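Summary of structural features
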Amino acid sequence: MTRPNTGKTEAERRLTLHVGLVCVVAAVAAVVSLHALTELDLSGEDLALSLSLVFMAALGVTIKWRIRIRATVHAISWSETAIILSLAVAPTSLVVLTTGLGVTIALLLIKLPPLKAAFGVAKSMLLAAGAGATLHALGWPPPPTEFPHVVGLIGLAYAVAVVLDELLTLPVIALATGTRLGHLFREDLGMRLTSAVARFVLIVTTLLILRADPRLLLAVPPLVLSLHLLYSNRVKARTEQQAWQRLARTTDALNVVDLDKVLTTAVTQAAELFSADEVEVELRDGGRTVRGGAGAITYDGPAGGPTSTDGTVVAAALEGHDRTADVGVLRLRFRGPVQLSEREQYTLRTFASALCTAVRNAQAYAELARVADEHAYAATHDALTGLANRRHLLDQGTEHLNTRHADGVAALVLIDLNHFKEVNDTLGHAAGDQVLVQVAERLRAAAQEGDLVARLGGDEFAVLLRGLPAPAVAAHRAETLLAALHEPFDLDGMRISVEASGGIAAAPATGGMPELLRRADVAMYQAKRAGQRTSTYAPTRDTADLGRLTLGGELPRAVADHEFTVNFQPIVDLGSGRVTGAEALARWRHPVHGVIDPLRFLEAVERSGLLPAFAEAILDEALLAASAWREAGFDVPVAVNVSPRSLLDARFPGSVLARLRAHDLPPDRLVLELTETLTLSQLDVVDRVLSRLRDEGVRLALDDFGTGYSSLSLLSRIPVHELKIDRSFVTAMEGSAEAAAVIRSTLDLGRSLGLDVVAEGVESEPQRRALWELGCTAGQGHLFARPMPAGTLLAAFRRGSGGSPGALAPPLHDAGAVIRLAPGRRQGGRGRADRHLPA
């Protein structure tokens, strides 16, 4: 936007009218004075006096101090002093005419523009006429002996001249510069009053000199010159002081972090600071230009926009003191010719440097804010689909559930794509990603305003429905969402169909968002099992709900009250009976229902969102026990089961290693047991986590080996140290050739890969001996010990078996007996038997 020219034309018109009116009134005063002068009887002495008055008027208007307002330089003269002194020695009519003649001669000599010259002459004549009329009205001249009365009359006349000068001059300056009249009046008011008093003192002093001896009048010009120099220096010092104060205030005002405010402040403040008609700031970055004056911004847009101010342009680069960071240019525009003083040039450079710093700070802050917004968005949104992620869903859902009132019912629809793994396996992960993106787009389009669509991970999506009029409406909305996925998806010209199942759950009275998510998960699996597209959560079919107690609601309390405890089951060398390790097993000591088996609450923990806190508590208990055993002389590793969801957290390795350091345990004293069937589907995600743990020395074990559907494929990906044979094969090995074959092949695989093998569920001596003869060197089960607290197990270590501390079972063979080893039974140097407890 640009500022129109109508304001400029109107100001010039009003200025011309004002000057014209002053000139007309002055002309009337001149005519009246000329008529009065013809009635006087003038002599040769009067002619000399007139020449003196003309000279005094010319000198008074010539000796002046100048100030610049915008492109106009204004001069403040001593003309009032000359006029009052002239009125003291000559009649008013003569003073009016000689003042007009003297000022005219002086202004012609300095070649002032016609309009300014006319105003200067007319104003001086009106001052003389006004002051003379005042003296005449007060009965001038008084008797020469009454000097105080003379001073009083002269003082009143001088006051009239000063006030009249202000009334005539200030409007002209205001119209010429566009400055507010009130601002001009207040500016330097104190100095103007001081100057008026000083000039009046000079007038009184001159009158005293004339009264005492007219010859002393020769001392008046040096006195006038001295006062002029003194006053000019004071004005200069005061002007510079005010300029530095304005510069300090202006640079302080630039200390904001919003770029728009910085530019607005710079333009409006610089217009006042440098008395410029227009100020322009052009930025290099983005090509933005901001332009305006002291009142407001008149243009904000791309560089090159038109300006209405033609004339002098003073430019300054926006660069730091080191001249290395050039962020743009500052331009001052004046409507007429202007030459900045040395002080103004230095002020301009200082202001430009401060503006450069402010712009750079504002741009840096804007960039930091942008990066912070991006990080905040990335932390709460799925990178592939742009949907909200699990964290954002939980946060938003929790906030909504905590603040809900009469805005309706909340419900959650959990959607899982059926057989999506086949798309990845057949067409590749890139095609799978395309399907996920299209699913996200369709769900977003089918959702209503106020619904929150999220991707929880993999092929699992969720939609938080808010403000439902009734819970039953959730089922209808879920059908709409699932119907949006019914049409085939287009993948590079191929059309494939992907089925989906949805679970619906209304917000529970207790348990919050984690419980709502768990219930929707239960309902979704109910839909899958029933072959339906959607299913609504029914408490009667919630097998994960222990006795239909809301486990999700009790878990936060249980974690906070430390109701979860850890028992330990030892792992024993099958041949010697000595302990080679211990597995940590979590238990929930419910205050009402007693000890709850982990199989009945671990799934609820994983779904509750409390998994990180739960896992850290269990790991701390396990490491604390291992540290206590080690201090007691029994240096055995401890095994801890790890949820696959923990392996999806990139912070998990750092947390594990920090706790090992806190308990002063070597990393190889910790064995993390991974569940095969749950980990296989997440291999692409957990590879980096497991590799870092292994590289740091933490041992990895594959639990329940053989129960999954791709055991060999799994071993080629997960860098484990140990395999654990599932208890179901150990239990069935005596009566099932297939179970025995699985155990034998697992042992052969362990030997070929250099892995330890541990058999779970060893409950009898025949099982122990059979496993030993097959080449299995380590096992755990009720034959050796049931799970027990850490202190109880330490006491068992000390007590030992057969008087041998660290042994929990007698050896299979006496010392020195000759044993026939099964072919290839030894385990390649990394067997657990190498880590016996000390005797």
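Residues numbered from 1 in each chain as written. Predicted model: local features only at pLDDT ≥ 70, side-chain atom pairs only at ≥ 80, totals over all residues. Heavy atoms only, no water.

Describing the overall build of the protein chain
The helix and strand tally for the protein chain stands at 28 helices and 23 strands. Counting the 839 residues in the protein chain, one finds 49% classified as buried. In the protein chain, of all internal contacts separated by at least 6 residues, the share reaching a separation of at least 24 is 69%. Total accessible area computed for the protein chain in this model is approximately 40,200 Å², and 58% of it derives from carbon and sulfur atoms. (Helix = DSSP H or I, 4+ residues; strand = E, 2+ residues; numbered from the N terminus. Buried < 20%, exposed > 50% of the residue type's maximum accessible area, 1.4 Å probe, protein only. Contact = heavy atoms within 4.5 Å. Areas by Shrake-Rupley, 256 points an atom, 1.4 Å probe, with all protein chains shown as cover.)

A word on the environment of Gly295
Within the secondary structure, Gly295 sits in the loop between strand 4 (288-292) and strand 5 (297-302). Residue classification places Gly295 among the exposed positions, given a relative accessible area of 73%. A C-alpha to C-alpha distance of 9.3 Å links Gly295 and Glu272, two positions 23 residues apart in sequence.

Thoughts on helix 26 (residues 737-753)
If you check helix 26, its first and last C-alpha atoms are 24 Å apart, about what 17 residues at 1.5 Å a residue would give, namely 24 Å. If you check which residues of helix 26 are buried, you get Ala739, Ala740, Ile743, Thr746, Leu747, Leu749, Gly750 and Arg751. Immediately downstream of helix 26, the backbone of Gly754 shows phi near 70°, a positive value. (Expected span 1.5 Å × (residues − 1).)

Topic: the pattern of salt bridges
On inspection of all chains with the given rule, the structure shows 30 salt bridges. Here Arg288 makes a salt bridge to Asp260, at a shortest N to O gap of 2.6 Å. Within this pair, whereas Arg288 is found in strand 4, its partner Asp260 is found in helix 10 (residues 259-273), the two being separated by 28 residues in sequence. Linking Glu765 and Arg768 is a salt bridge whose minimum nitrogen-to-oxygen distance equals 3.4 Å. Pair noted here: Glu765 and Arg768 are both in helix 27 (residues 765-774), with a separation of three residues, about one helical turn. The class for Arg768 is buried, based on a relative accessible area of 1%. Connected via shared salt-bridge partners are Glu278, Glu280, Glu282, Arg291, Arg331 and Arg333. (Salt bridge = Lys/Arg side-chain N within 4 Å of Asp/Glu carboxyl O.)

Remarks on the sheet that holds strand 4
On the basis of which strands lie adjacent, the open sheet formed by five strands has the order 5-4-3-7-6 and antiparallel pairing. Each edge of the sheet is formed by a strand with only one pairing partner; in this case those strands are strand 5 and strand 6 (312-319). With direction set aside, neighbouring strand axes in the sheet form an average angle of 15°. Across five bridges, strand 4 lies against strand 5 in antiparallel orientation. What sits directly across from Val290, in strand 5, is Asp300. (Pairing = 2+ DSSP bridges. Axes fitted to C-alpha atoms, helices over the stretch in contact; angles between N-to-C directions.)

Considering the confidence of the model for the protein chain
Per-residue pLDDT for the protein chain averages 80, and the proportion of residues at 70 or more is 82%. Within the protein chain, helix 22 (residues 676-679) has the poorest average pLDDT of any element, 45, and strand 23 (residues 778-780) the best, 95. Segment residues 677-682: pLDDT under 50, and twelve contacts once partners within four positions in sequence are set aside and those in other chains are kept. Note on residues 820-839: pLDDT is under 50 here. Beyond four places in sequence and across chains, it has 56 contacts. (pLDDT = per-residue confidence, 0-100.)

A look at the nonpolar core
Formed by 76 residues in total, the largest nonpolar core has its most connected members in Phe568, Trp629, Leu670, Leu672, Ile743 and Leu771. Counting 46 residues, the second largest nonpolar core, distinct from the first, contains Val22, Val96, Leu107 and Ala131. (Core = buried A, V, L, I, M, F, W, Y, C linked by side-chain atoms within 4.5 Å.)

Regarding the packing of aromatic side chains
One pass over the full model with this rule turns up five aromatic pairs. For the pair Phe564 and Phe614, a centre-to-centre distance of 4.9 Å together with 80° between the ring planes defines the contact as edge-to-face. Pair noted here: Phe564 is in strand 15 (residues 564-573) and Phe614 is in helix 19 (residues 611-631), with a separation of 50 residues, a long-range link. Phe614 matches Phe564 in its accessibility class, with the two residues each being buried. Pairing Phe568 with Trp629 gives two aromatic rings, centres 5.2 Å apart and planes at 80°, and the pair type is edge-to-face. Taken as a pair, Phe568 in strand 15 and Trp629 in helix 19 lie far apart in primary sequence, 61 residues in all. When sorted by exposure, Phe568 lands in the same class as Trp629, which is buried. In textbook terms, an aromatic cluster arises when at least three aromatic residues are bridged by ring pairs, as seen for Phe568, Trp629, Phe634 and Phe797. A cation over an aromatic ring shows up here: Arg291 above the ring of Tyr299, its NZ or CZ 4.7 Å from the ring centre. (Phe/Tyr/Trp six-rings, centres within 6.5 Å; stacked < 30°, edge-to-face > 60°. Lys NZ or Arg CZ within 6 Å of the ring centre and 35° of its normal.)

Re the sheet that holds strand 8 (residues 409-417)
One open sheet accounts for five strands, arranged 9-10-8-13-14; its pairing is mixed. Of all strands in the sheet, those with a lone pairing partner are strand 9 (452-457) and strand 14 (534-536), marking the two edges. Each neighbouring strand pair of the sheet contributes to a mean axis angle of 20°, computed without reference to strand direction. By the bridge criterion, seven bridges tie strand 8 to strand 10 (residues 460-468) in an arrangement that is antiparallel. When the sheet's bridge partners are listed, Asp416 is paired in strand 10 with Glu460. Packed on one face of the sheet, helix 12 (residues 390-403) meets strand 8, strand 9 and strand 10 and runs near 135° to strand 9. Packed onto the sheet, helix 14 (residues 429-446) meets strand 8, strand 9 and strand 10 and runs at close to 10° relative to strand 10.

Let's talk about the side chain of Thr289
Locating Thr289 in the fold gives a position in strand 4. Residue Thr289 is classed as buried on the basis of its relative accessible area of 1%. Dropping the residues within four chain positions of it, Thr289 is found in contact with Glu280, Val281, Glu282, Tyr299, Asp300, Gly301, Pro302, Ala303 and Gly304.

With respect to the pairing of strand 4
Taking burial as the measure, the five residues of strand 4 include four buried ones, the bulk of the element. Where strand 3 (residues 278-283) lies against strand 4, four bridges are found, and the strand directions are antiparallel. The residue bridging Val281 from the neighbouring strand is Val290, located in strand 4. Connecting strand 3 to the next strand, strand 4, in antiparallel fashion are four residues, including Gly286 with a positive phi near 95°. Counting the residues in the hairpin turn of strand 4 and strand 5 gives four residues.

Quick word on a nonpolar patch on the surface
Judged by side-chain polarity, Leu101, Ile105, Leu109, Ile110 and Leu112 come together as a nonpolar surface patch covering roughly 450 Å² of accessible area. Among the structural elements, Ile105 can be located in helix 4 (residues 92-109). Note on Ile105: relative accessible area 36%, which makes it partly exposed. (Patch = residues over 30% accessible without salt bridge, like charges linked within 9 Å, V, L, I, M, F, W, Y side chains within 5 Å.)

Overview of the side chain of Arg333
Structurally, Arg333 can be placed in strand 7 (residues 326-334). Engagement of the side chain of Arg333 in a polar contact is seen with the side chain of Glu280, the distance being 3.0 Å. Excluding residues that lie within four positions of it along the chain, Arg333 makes contacts with Ala276, Asp277, Glu278, Glu280, Arg291, Thr307, Thr309, Thr312 and Val313. (Polar contact = N/O pair within 3.5 Å; in protein donor to acceptor, adjacent residues only side chain to side chain.)

Brief notes about the packing of helix 4 against helix 5 (residues 114-137)
If you want to describe how two helices pack, look at the angle between their axes and the distance between the axes. Where helix 4 meets helix 5, the axes come as close as 9 Å, and the angle between the chain directions of the two elements is 160°. Regarding the angle of helix 4 to helix 5, the classification is roughly antiparallel. Between helix 4 and helix 5 lies a crossing whose hand is right-handed. Listed contacts from helix 5 to Thr92, Val95, Val96, Thr99, Gly100, Val103, Thr104 and Leu107 of helix 4 are Ala117, Gly120, Val121, Ser124, Met125, Ala128, Ala129, Gly132 and Ala133. Tallied by class, the residues present in the contact of helix 4 with helix 5 amount to ten nonpolar, seven polar and no charged. (Parallel < 35°, antiparallel > 145°, perpendicular 65-115°, else oblique. Left-handed = near helix turned anticlockwise from the far one by under 90°. Nonpolar A, V, L, I, M, F, W, Y, C, P; charged D, E, K, R; others polar.)

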